[in-house]
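Inside the fold
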Amino acid sequence: MNLTELNRIATAMVAPGKGILAADESSGTIKKRFDAIGVESTEGNRRDYREMLFRSKEAMNRYISGVILYDETIWQDAKDGTPLVKLIEQSGAIPGIKVDEGTQGLPMCPGETVTVGLDKLAERLKKYYERGARFAKWRAVIDIGSGIPSMTAISVNAHALARYAALCQAAQIVPIVEPEVLMDGDHDLDRCYEVTERVLNKTFQELRVQRVALEGMVLKPNMAISGKKCAKQASVEEVAEKTIRLLKACVPAAVPGVAFLSGGQSDEEATAHLNAMHKLGPLPWGLTFSYGRALQAAPQKAWSGKAENVVAGQNAFSHRARMNGLASKGEWQSSLEKKAA
Ligand code: 13P
């Protein structure tokens, strides 16, 4: 393992002004997104959609540091035969790959899951590296509800995350470690804080036990935020303040970067929260976005599966990427959104 090189990649992934495009929706998830815009989820349509994103010059050259791909996409070619991975490399962004294989029900723990995909992971990582992937992603899912999460769910998911991270580093691939605490419930911000604190502490404990080099990874956490169905929604300032307090308490300064998931926040909320956190600096790690929905909802709608809408889709993507790029430096203002609209 070359740790200097892993650290160089991890640092580039969270460079100020840039962040990560999470375009690694599984076949099931992309179908849901396409259903919402009335597009059939065929291999061709998935390719055309992602090709549109990766050919968005302004977004890709200036605001996107890396792209997380799904297995199907990393092997796909653009319409003119250029591998999609090459399009990403040509823009100066780093190709990455989702390597977990989703969740399965956790025995004896009703309503909870464990993320799977460790079997044969070493062999798969080798092939992805040859294809150009320099980082990977593994998402663990922790739900908040009555009586959950259990310590069992937190523990097995942290263990799997660390196993994955160690295998990645041995394959010269930077692991994005993503323990996502869902924001779907009616819990308040304090409960999210308390659960996320337990999850992050257990995750870093496992990373240490399994000898993962913190200098060669990126953390992808949720923010400390109110559940979507909670009657009392915390303000932007409170989310920013509590999230930074939480991360400072749990994330060692040796970690080069933290890149948030958006988790169901609206586009503008996700941007405003990241921006507000940068007002609380200086911070010990790079802090940026690794958004899926909050970067893609607008371009998906603008495109709606029609070739004549490709430019509109690219403009919508470039706008969101620019807004989040500014937020990653604390330079975003809501007036910039209105001007564009
Ligand atoms: P969202 O930003 O839509 O939560 O997706 C990010 C991601 O990669 C989840 O694993």
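About the thresholds
Residues numbered from 1 in each chain as written. Predicted model: local features only at pLDDT ≥ 70, side-chain atom pairs only at ≥ 80, totals over all residues. Heavy atoms only, no water. Pairing = 2+ DSSP bridges. Helix = DSSP H or I, 4+ residues; strand = E, 2+ residues; numbered from the N terminus. Contact = heavy atoms within 4.5 Å. Axes fitted to C-alpha atoms, helices over the stretch in contact; angles between N-to-C directions. Buried < 20%, exposed > 50% of the residue type's maximum accessible area, 1.4 Å probe, protein only. Expected span 1.5 Å × (residues − 1). Phe/Tyr/Trp six-rings, centres within 6.5 Å; stacked < 30°, edge-to-face > 60°. Lys NZ or Arg CZ within 6 Å of the ring centre and 35° of its normal. Core = buried A, V, L, I, M, F, W, Y, C linked by side-chain atoms within 4.5 Å. Near = heavy atom within 4 Å. Polar contact = N/O pair within 3.5 Å; in protein donor to acceptor, adjacent residues only side chain to side chain. Nonpolar A, V, L, I, M, F, W, Y, C, P; charged D, E, K, R; others polar.

1. Quick word on the sheet that holds strand E2 (residues 64-69)
- The strand order around the closed barrel built from 8 strands is E1-E2-E3-E6-E7-E8-E9-E10, with neighbouring strands paired in parallel fashion.
- Across 4 bridges, the pairing between E2 and strand E3 (residues 94-98) is parallel. What sits directly across from Ile-68, in E3, is Gly-96.
- Together, strand E6 (135-142), strand E7 (174-181) and strand E8 (218-219) form the strand contacts of helix H9 (residues 189-209), whose direction differs from that of E7 by roughly 150°.

2. Thoughts on unusual backbone geometry
- At the junction of Ile-148 and Pro-149, the peptide bond is cis and its omega measures out at 15° in the coordinates.
- Mapped onto the fold, Pro-149 is located in the loop between E6 and helix H8 (151-170).
- Between Gly-281 and the following residue, Pro-282, the backbone shows a cis peptide bond with an omega angle of 5°.
- Looking at the element boundaries, Pro-282 is found in the loop between helix H11 (267-278) and strand E10 (286-291).
- For Ser-304, which is not a glycine, the phi torsion comes out positive at approximately 50°.
- You can see Ser-304 is positioned in the loop between helix H12 (293-303) and helix H13 (310-327).
- Overall, Ser-304 belongs to the partly exposed group, its relative accessible area being 22%.

3. Notes on H13
- Helix length check: H13 (18 residues) gives 26 Å between terminal C-alpha atoms against 26 Å at 1.5 Å per residue, within 8%.
- In terms of burial, H13 is largely enclosed, as 13 of its 18 residues are buried.

4. Let's talk about the packing of aromatic side chains
- In this structure the tally under the stated criterion is 6 aromatic pairs.
- Both rings, one in Tyr-49 and one in Trp-303, keep their centres 5.2 Å apart while their planes meet at 35°; by these two values the pair is tilted. Remark: Trp-303 occurs in helix H12 and Tyr-49 occurs in helix H3 (residues 43-54); sequence separation between them is 254 residues.
- By relative accessible area, which is 0% here, Tyr-49 ends up buried.
- Judged by its relative accessible area of 3%, Trp-303 is buried.
- Positioned above the aromatic ring of Tyr-129, the side-chain terminus of Arg-134 is 3.7 Å from the ring centre.

5. Quick word on the nonpolar core
- Grouped together as the largest cluster of nonpolar side chains are 96 residues, with contacts concentrated most on Met-13, Phe-54, Ile-64 and Tyr-164.
- Those residues in contact with Tyr-164 that sit more than four places away from it in its chain are Val-99, Leu-118, Leu-121, Ala-136, Lys-137, Trp-138, Pro-175, Ile-176 and Val-177.
- Core analysis: the second largest hydrophobic core is formed by 6 residues, Ile-142, Ile-144, Val-181 and Val-199 among them.

6. Some remarks on the site of the ligand
- Not every one of the 13 residues close to the ligand is listed here, only the nearest: Lys-137, Lys-220, Ser-262, Gly-263 and Arg-293.
- Take Lys-137: an N or O atom from its side chain is 2.5 Å from an oxygen atom of the ligand.
- Within the side chain of Lys-220, an N or O atom sits 2.6 Å from an oxygen atom of the ligand.
- Breaking the shell around the ligand down by element, the ones donating at least two residues are E6 and E10.
- Tallied by class, the residues present in the shell around the ligand amount to 3 nonpolar, 4 polar and 6 charged.

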